Amino acid sequence: MAESTKDWEIGVGGMTCANCSARVERVLARLPGVIDVHVNLATERASLRLAPDADETAIAQAITQAGYEPRMLGGTHEHEAEDSDRAGARRAVAIAVLLTLPVFIVAMGAHLVPGFDDFLSRFAPPAVWDWLQALLTTAVILGPGRRFFRAGWAAYRQGSPDMNSLVMTGTGAAWLYSLAVLLAPGFFPPEARHIYFETAAVVITVILLGKYLEELAKGRASAAVRKLIGLQAKTARVWRVDREEEVATAQLQVGDLLIIRPGERIPVDARIEQGETYVDESMLTGEPVPVHKGPGDPLVGGTLNQHGSLRAAVTEVGEATVLARIIRLVEQAQGSKPPIQRVADRVVGVFTPTVILIALATFAIWLVYAPPPAVNFALLSAVAVLVVACPCAMGLATPAAILVGSGRGAELGVLFRKGSAIETLARVDLLVFDKTGTLTEGRPRLTHLEPVAGEADDILRLAAAAEAGSEHPLAVAVLEAARERGLTWPGTDGFTAEPGQGVRAQVDGHQVLIGTARWAAQQGMAVDATLAARIEALASEGHTPVVVAVDDQVKALLAFADPLKPDAAAMVAALKARGLTVAMITGDNQGAASAVARRLGVDRVWAEVLPGGKADLVRELKGEGRTVAFVGDGINDAPALAQADVGIALGSGTDIAIEAADVTLTRGELARVITALDLARRTLGTIRGNLFWAFAYNVLLIPVAAGVFYLAYGWHLNPMAAGLAMALSSVFVVTNSLRLRHLSLVRLGVRGAA
């Protein structure tokens, strides 16, 4: 099933709270062909997993029928919609303020300025001012406030009331009661003939202002992705036949020859054919220091060519470029839901109906027990409960933090594939590292060539011939050593490789084997006690020893050393200072692995583990109740990366490892592991803080709004103050999340890097 499904995203405009996103999820989940759906309030996106026969048009229609706006994603369409939303919110606030200000002055002037009523009566009788409030408030409700009533009524019809429903019910009740007093005062006792148009108008205006501030904050939160998209060049210069042409970047094809001048952005991924330069890759790595590039070096689209003129052949275009993949990863992370969001979703599912019941109970109780005029106090209390309890902050608590955290991560060279990876990484208590290429440079050198029988150069020549068909780092070291000695080697027949053990090849009529002493012994080749002791001694010093056998006779001992990365020891110390256990898995021999572990301060080490065994070992560690992150960079690390709770791939590694990982570090510096961990922990801490504030705000203010403390302490919440508190709670959640933008790249000192 998984192979035949597809992932698809669509924008959803008009959502205002967690109930909105939950309702869209329920509507879409019922459609044929929709296997899974997640709707993100902060990014206003629906992420769906679809069967092959799913109808994308039907999905858009279902969003429209639910009362929301389906939107195209990508390119300028999405950003035009976001800009339009902000402009519309700003316009609605301006109109609402102009209409509400006279209502507020007329209604509240006497409370603020003595003799204000007498001043107004000089111009017109009180009834005229009452009708002026009615007309202006009606204009607010039918104009900028119409969105709450339209969406709120649609939510009621579908049996899923939301924030709009609460605003509609609260302000609508105040407006209708006031109109009834104006139109039929005889139905009300004299003490109950009060009008509350200012309550309805001010609440709507304050909530609109809060939504506008929220839109501004959300725009800043998504700035990272917009910045990345802005790095994509619109045009490129290409050499065609005998002249230079300027073409749209979308028209480029693999193999085209680009002409890149100093100061220009590199349009797509390419490889330098001619020229040298320094390239600013800070958009990819977070590092401000330019990187030297020459013929044969890769260029990443979106980076900045600083000095030299270049000719470069296009290697990737469109969605296959590094920048496009980064944008896609960040958007996927921002659109997904971490497990902690399920708590908020469950609460919000019952929250709004519960609030409506509380508001009705509040009205009924105060109608009986409030001092005269009871209906006034009962109405104001019920409206305050409805307005103050809008669950906007709950809906934004998690996605706002994920939005900012993943965006900041992209700027720092840390790419999260999904939001759940952020939460899981924050909970990790055991980090397991591959050794070669992860903790070490991954470029071992031949340090010892000790013949048992025969000439060293002859043995090295045969070894180079056998290893010529392998891409293993030790094979590369053998070939480099042979070249340094000026040796040449013949071709081979029947090359075979045994992962984690060694290689066999037919060279000049000889059967050559290069591999571990254990493997050679398993093949029936004698390894005497002297040679075994030497192997053990070299391994204990941190070297990787292998034997060379020709025609089933051991001829020489080779030993390799792979330098540790300069920041490896400092990184391990920093992880342990943060309370984590650090482990290492390697296919290398036990002695070499133990030597490396001692120098780095690694807590646990497993050696001589075959590629398939890494994933098995990770599974066992998870079985111990540990939350495990695996860090690697090679093809043989892909199973372990996928098996771990969180797989972290170094961007200097292979595409296969990156695709299997939950977190990708765009550079090979190990400091970025610390950056990723700190970012995840800060983001999860922000989510918890947001959720605490969102829940605590309601727990504290709903009783105050309901008048629970009125008789004992005289505490009561006016609906206008309730609207302001509700709006500010959402703004607080988003601005609190924006603090994640200030997280910096972790720098490590160099310790024990020998």
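Residues numbered from 1 in each chain as written. Predicted model: local features only at pLDDT ≥ 70, side-chain atom pairs only at ≥ 80, totals over all residues. Heavy atoms only, no water.

## A short note on the sheet that holds strand 21 (residues 553-561)
- One open sheet accounts for 6 strands, arranged 16-21-20-19-18-17; its pairing is antiparallel. In the strand order of this sheet, the two ends are held by strand 16 (445-451) and strand 17 (492-498), each with one partner. Sheet twist, expressed as the average angle between the axes of neighbouring strands with direction ignored, equals 20 degrees.
- The sheet contact formed by strand 20 (residues 544-550) and strand 21 spans 7 bridges and is antiparallel. Paired with Val547 across the bridge in strand 21 is Leu557.
- Here helix 17 (residues 456-467) sits on the sheet and contacts strand 16, strand 17, strand 18 (502-507), strand 19 (510-515), strand 20 and strand 21; the angle it forms with strand 18, its principal contact strand, is near 105 degrees. (Pairing = 2+ DSSP bridges. Helix = DSSP H or I, 4+ residues; strand = E, 2+ residues; numbered from the N terminus. Axes fitted to C-alpha atoms, helices over the stretch in contact; angles between N-to-C directions. Contact = heavy atoms within 4.5 Å.)

## Re the UniProt feature "transmembrane region" (unreviewed entry) in the protein
- UniProt's entry tags residues 92-116, 128-145, 166-188, 194-213, 347-369, 375-398, 691-713 and 719-738 with the feature "transmembrane region" (unreviewed entry), counted in the numbering of this structure.
- Regarding residues 166-188, the helix share stands at 78% and the strand share at 0%, and the terminal C-alpha atoms are separated by 26 Å.
- For residues 691-713, the end-to-end C-alpha separation is 29 Å, with 87% helix and 0% strand making up the annotated structure. (UniProt positions renumbered as here; feature names shortened; annotations may be inferred.)

## Structural notes on the UniProt feature "domain: HMA" (unreviewed entry) in the protein
- In this structure's numbering, the residues bearing the UniProt feature "domain: HMA" (unreviewed entry) are residues 6-71.
- As annotated, residues 6-71 comprises 33% helix and 36% strand, and the C-alpha atoms at either end are separated by 19 Å.

## Section: the environment of Phe188
- Within the fold, Phe188 resides in the loop between helix 7 (163-183) and helix 8 (197-221).
- According to the relative accessible area criterion, Phe188 is buried, its value standing at 18%.
- Once residues within four sequence positions are removed from consideration, Phe188 is found in contact with Tyr177, Ala180, Val181 and Arg193. (Buried < 20%, exposed > 50% of the residue type's maximum accessible area, 1.4 Å probe, protein only.)

## Notes on a positive patch on the surface
- A surface patch of like charges, here positive, comprises Arg90, Arg91, Arg146, Arg147 and Arg150.
- Mapped by element, the contributors of at least two residues to the positive patch are helix 3 (75-112) and helix 6 (146-157).
- A total of 3 residues in the positive patch trace back to one element, the largest contributor, which is helix 6.
- Given a relative accessible area of 36%, Arg147 falls into the partly exposed group. (Patch = residues over 30% accessible without salt bridge, like charges linked within 9 Å, V, L, I, M, F, W, Y side chains within 5 Å. Areas by Shrake-Rupley, 256 points an atom, 1.4 Å probe, with all protein chains shown as cover. Salt bridge = Lys/Arg side-chain N within 4 Å of Asp/Glu carboxyl O. Lys, Arg positive; Asp, Glu negative; His and termini not counted. Charge placed at Lys NZ, Arg CZ, Asp CG, Glu CD.)

## Brief notes about the side chain of Lys435
- Here Lys435 lies in helix 16 (residues 435-439).
- Lys435 gets classed as buried once you look at its relative accessible area, which sits at 4%.
- What Lys435 contacts, discounting residues up to four positions off in sequence, is Thr440, Met584, Ile585, Thr586, Asp588 and Val596.

## Considerations on the pattern of salt bridges
- Enumeration according to the criterion identifies 27 salt bridges in this entry.
- Asp508 is the partner of Arg461 in a salt bridge, and the nearest nitrogen-oxygen pair spans 3.7 Å. Note that Arg461 is positioned in helix 17 and Asp508 in the loop between strand 18 and strand 19, a separation of 47 residues in sequence.

## What about the packing of aromatic side chains?
- Throughout the structure, instances matching the rule amount to 10 aromatic pairs.
- For the cation-ring pair, Arg311 lies above Trp239, with the distance from its terminal atom to the ring centre recorded as 4.7 Å. (Phe/Tyr/Trp six-rings, centres within 6.5 Å; stacked < 30°, edge-to-face > 60°. Lys NZ or Arg CZ within 6 Å of the ring centre and 35° of its normal.)

## Concerning a nonpolar patch on the surface
- Taken together, the side chains of Ile365, Leu367, Val368 and Tyr369 define a hydrophobic patch exposed on the protein surface, amounting to about 440 Å² of accessible area.
- With respect to the helices, strands and loops of the structure, Val368 is situated in helix 12 (residues 341-369).

## Here's the deal with the sheet that holds strand 10 (residues 291-293)
- One open sheet accounts for 3 strands, arranged 10-9-12; its pairing is antiparallel. Sheet topology places strand 10 and strand 12 (304-305) at the edges, where each strand pairs with a single neighbour.
- Here strand 9 (residues 277-280) pairs with strand 10 via 3 bridges, running antiparallel. Bridging from a neighbouring strand, Thr277 pairs with Lys293 of strand 10.

## A few points about the side chain of Asp567
- Mapped onto the elements, Asp567 comes out in the loop between strand 21 and helix 21 (568-577).
- Buried within the structure, Asp567 lacks any salt-bridge partner; Lys565 is the closest side chain of opposite charge, at an N-O distance of 6.6 Å.

## Looking at the nonpolar core
- If you look at the biggest cluster of nonpolar residues, it comprises 138 residues, and the most contacted ones within it are Leu425 and Phe433.
- Broken down by element, the residue count for this core peaks at 15 residues, all from helix 26 (residues 671-706). (Core = buried A, V, L, I, M, F, W, Y, C linked by side-chain atoms within 4.5 Å.)

## Notes on the packing of helix 21 against helix 26
- For the pair helix 21 and helix 26, interaxial distance at closest approach is 9 Å and the crossing angle is 20 degrees. The orientation of helix 21 with respect to helix 26, classified from their angle, is roughly parallel. Crossing angle aside, the handedness with which helix 21 passes helix 26 is left-handed. Contacts between helix 21 and helix 26 involve Met571, Ala574 and Leu575 from the first element and Val673, Ile674 and Leu677 from the second.
- Here the contact of helix 21 with helix 26 is composed, by residue class, of 6 nonpolar, no polar and no charged. (Parallel < 35°, antiparallel > 145°, perpendicular 65-115°, else oblique. Left-handed = near helix turned anticlockwise from the far one by under 90°. Nonpolar A, V, L, I, M, F, W, Y, C, P; charged D, E, K, R; others polar.)

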